[in-house]
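Coordinates in review
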Amino acid sequence: MTTPGHARDGLRLSPFRGLRYVPERVGSLAAVTSPPYDVVVRPDGLRHLETADPHNIVRLILPQSDSPAARHRQAADTLHRWLAEGVLRADPEPALYVYEQRDNAGLLQRGLIGTLRLSPPEDGVVLPHEDVMPDIVEDRAALMRETAAHLEPLLLSYRSDGDADGAAAVIERTVRREPLLATTTEDGFSHRLWSVTDPAELAEIDRGLARHQALIADGHHRWATYLRLREERTVPGPWDSGLVLLVDTARYPLRVRAIHRLLHKLPVQDAVAALGDAFRVRTVTGPLPRALDELAAASEAGVNAFLLAGGTGFHLVDRPDPELLDATVPTGRPQAWRTLDATVLHSVLLERIWQIPDGPEHIGYIHDASAAVEQAERHGGTAVLMHPVQEDVVRELARQGVTMPRKSTSFGPKPATGLVLRSLELG
């Protein structure tokens with residue numbers, strides 16, 4: 001994605017002094033990492049990370065206490081204690097960081113971690129594609145204020161023309177050097193990190209990125225939080241930029257997955273009964289992978305489709321009544337937006353048919369399909385499983401300034417949290 005106008009209007013990624021774990025002070029680098037905060041959704045997952053190592057990063061990104069204020073204060077106290085004890089240490093000089101992820105199936109992703117100059121959506125430099133929930137932005141903002149730190153990078157994508165120049169050239173040269181760290185996390189991903197401090201290479205990266213604009217692939221709430229906190233400051237400073245991982249998807253395409261819904265208070269049998277003739281409903285045979293194959297087949301046939309799961313098995317819901325769609329889905333948006341599964345889910349199913357308020361006490365957002373089904377079965381709710389949207393659709397809507405319903409997509413692989421942090425007190 002190339003932005004028009006002067007080159008300086010594009011992406012500006014700056015070096016910073018990364019905070020990193022001191023290997024000798026922790027059990028292992030893998031044991032102190034975590035998925036992003038919004039992927040750690042189950043209490044057992046949180047406990048697993050907390051017990052993996054007493055210094056696991058989850059104690060900073062998801063602190064546990066009696067109140068929000070106490071949680072945020074606890075995170076700040078923990079961060080300062082780890083710095084004082086030498087568990088975390090700032091690198092000696094500002095750097096951009098080349099970050100590599102690789103799995104056993106051959107997936108390879110490389111990108112650059114740095115601090116990106118903040119810009120509002122109307123500038124067309126960093127493009128959001130999803131709405132955000134104000135309560136989450138407020139929580140993340142309070143945590144960032146208290147810790148004065150960016151604890152995990154956002155995932156942003158941009159598309160070069162595929163030439164091995166600029167950032168791409170520096171990345172390819174850097175990965176031939178000895179990394180700062182290398183570890184393999186329990187999900188099978190190997191992670192390597194290098195620093196780039198040479199002024200000539202930093203300038204080469206800057207020239208290359210300045211011609212491009214980026215799509216927020218993962219981290220809309222954190223980006224909104226960055227913007228909110230910058231607005232609270234009246235003088236320029238470190239809050240004018242935010243910690244990000246930039247990936248060139250022309251060279252390293254991202255994987256796109258769906259984010260599923262868990263309807264806490266709606267039993268699946270009631271959800272199915274309320275549909276009437278508005279959708280076609282079919283019972284499909286498990287186990288879950290087979291049912292998801294049925295969902296994929298229906299979605300790839302070009303119709304809106306959802307898989308409902310809970311105590312009564314799996315129900316494939318597709319082929320919505322066209323007249324109902326015309327009467328319910330908001331007009332004045334591109335057709336690509338009006339036909340999104342997430343649009344139909346929120347406008348038709350949640351608001352019109354099931355009449356479920358969009359609040360955390362009613363709807364949970366879960367990345368893992370099996371976790372959503374398990375919770376629906378355990379607590380008597382309904383899991384609404386989604387098929388992922390194509391990345392090109394997301395990018396085109398974002399380019400038009402059209403946001404998708406919140407939590408519509410999950411791009412990955414996501415960066416591991418805990419490999420490099422940013423303290424705003426270091427500038």
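Residues numbered from 1 in each chain as written. Predicted model: local features only at pLDDT ≥ 70, side-chain atom pairs only at ≥ 80, totals over all residues. Heavy atoms only, no water.

The next subject is helix 13 (residues 369-379). Considered for burial, the residues of helix 13 that qualify are Ala 369, Ala 371, Ala 372, Val 373, Gln 375 and Ala 376. Contacts from the buried residues of helix 13 go to strand 14 (260-263), helix 9 (288-300), strand 16 (305-310), strand 17 (313-318), strand 18 (363-366) and strand 19 (382-385). (Buried < 20%, exposed > 50% of the residue type's maximum accessible area, 1.4 Å probe, protein only. Helix = DSSP H or I, 4+ residues; strand = E, 2+ residues; numbered from the N terminus. Contact = heavy atoms within 4.5 Å.)

This model, assessed by the stated rule, comprises 4 aromatic pairs. Lying across the ring of Trp 239, Arg 233 places its NZ or CZ 3.9 Å from the centre. Geometry around Trp 337 places Arg 333 over its ring, the cationic atom sitting 4.4 Å from the centre. (Phe/Tyr/Trp six-rings, centres within 6.5 Å; stacked < 30°, edge-to-face > 60°. Lys NZ or Arg CZ within 6 Å of the ring centre and 35° of its normal.)

Moving on, we come to a negative patch on the surface. A grouping of Asp 277, Asp 321, Glu 323 and Asp 326 is seen on the molecular surface, where their side chains present a negatively charged patch. Relative to the helices and strands, Asp 326 resides in helix 10 (residues 322-328). (Patch = residues over 30% accessible without salt bridge, like charges linked within 9 Å, V, L, I, M, F, W, Y side chains within 5 Å. Areas by Shrake-Rupley, 256 points an atom, 1.4 Å probe, with all protein chains shown as cover. Salt bridge = Lys/Arg side-chain N within 4 Å of Asp/Glu carboxyl O. Lys, Arg positive; Asp, Glu negative; His and termini not counted. Charge placed at Lys NZ, Arg CZ, Asp CG, Glu CD.)

With that settled, consider the pairing of strand 9 (residues 181-184). Residues Leu 181 and Thr 183 point to one face of strand 9 and are all buried, whereas Ala 182 and Thr 184, pointing to the other face, are not buried. Sheet topology places strand 9 next to strand 10 (residues 190-196); 4 bridges connect them, and they run antiparallel. Along strand 10, the bridge assignment pairs Thr 184 with Ser 190. Taking the residues between adjacent antiparallel strands as the criterion, strand 9 and strand 10 are bridged by 5 residues, where Gly 188 takes a positive phi near 90 degrees. (Pairing = 2+ DSSP bridges.)

Attention now goes to the layout of surface pockets. Empty space within the largest pocket amounts to approximately 1300 Å³. Around the largest pocket, the lining comprises 45 residues; the ones closest to its centre are Pro 35, Val 39, Asp 187, Arg 257 and Asp 368. For the lining of the largest pocket, the secondary-structure elements that each account for two or more residues are helix 1 (43-52), strand 13 (255-257), helix 9, helix 13 and strand 20 (410-412). Of the residues assigned to the lining of the largest pocket, the class counts are 24 nonpolar, 14 polar and 7 charged. (1 Å grid on protein atoms, 1.4 Å probe; cavity = no way out; pocket = protein on both sides within 12 Å on 5 of 7 lines; lining within 4 Å. Points joined across faces, edges and corners; volume = space filled by probe spheres on them. Nonpolar A, V, L, I, M, F, W, Y, C, P; charged D, E, K, R; others polar.)

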